[in-house]
Amino acid sequence: GLLESLDGLIAGVPSEGDLALLIGVSAGHLGQSALAYEAFGIETGDAPHVDLVAERKHGEFLRANRKAVKSAADLADGGMALAAFEMAEAGGVGVTLEAADIGALFGEDQARYLVACDAAGAAALEAAAAAAGVPVARVGRFGGAAVSLGGDAAPLADLAALYRGAFVETVGL
């Protein structure tokens, strides 16, 4: 997608107390996922189904309601867990995702976005989603100094150091 103007860009970062909302539906698709490959060396299964109607509807919904959203990420490689971490790391604030299921956290289903909103923005987005027939669910919150997935947690600073150091280690710099 190309934007005609930078006015349409959602370029903020989450802040302490922001809510994490998921636009779209998670079925926990792990075939051809980054998790399967990176953690287990598995390159089998079908890639997730792409529903172009849902992709367009959800993308247009997000753009139309961008004023309610402080930060957004499309869910791709690494699913909701990686997107939440990247958003949290960019904002220098922790994140808690309520899901504990591997498929919900790392599934790479299509037509999904993770967004950060303050309470008023979340309420506005939920109301707009109900009116538009777009699935939106609260999945967690931003804040603190840890990344918590279900019942497991680690300090954001430690995970950020691993994440940033992986490139250097991989290319031998």
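Look up: the structure comes first, before these words.
Residues numbered from 1 in each chain as written. Predicted model: local features only at pLDDT ≥ 70, side-chain atom pairs only at ≥ 80, totals over all residues. Heavy atoms only, no water.

Some remarks on the sheet that holds strand β5 (residues 136–142)
To be explicit about the condition: For two strands to be treated as a pair, DSSP must find at least two bridges joining them. A helix here means a DSSP run of H or I that spans at least four residues, while a strand means a run of E at least two residues long, and both kinds are numbered starting from the N terminus. Note on definitions: angles span 0 to 180 degrees between N-to-C directions of axes, and those axes are lines fitted to C-alpha atoms, for helices only across the stretch in contact. Any two residues whose heavy atoms approach within 4.5 Å are treated as being in contact.
Spatially, β2-β4-β1-β5-β3-β6-β7 is the arrangement adopted by the 7 strands of the open sheet, whose pairing is mixed. Looking at which strands have only one partner, the edges of the open sheet turn out to be β2 (71–74) and β7 (152–155). Strand-to-strand twist of the sheet, defined as the mean angle between neighbouring strand axes without regard to direction, takes the value 20°. Relative to strand β6 (residues 146–149), strand β3 (residues 95–97) runs parallel, the two sharing 3 bridges. Each bridged residue has a counterpart across the sheet, and for Val95 the counterpart in β6 is Val147. Relative to strand β4 (residues 113–117), helix α2 (residues 52–64) is tilted by about 15°, and along the sheet it contacts β1 (19–23), β2, β4 and β5. In the packing of helix α3 (residues 79–91) onto the sheet, the strands contacted are β2, β3, β4, β5 and β6, and the crossing angle to β4 comes to about 35°.

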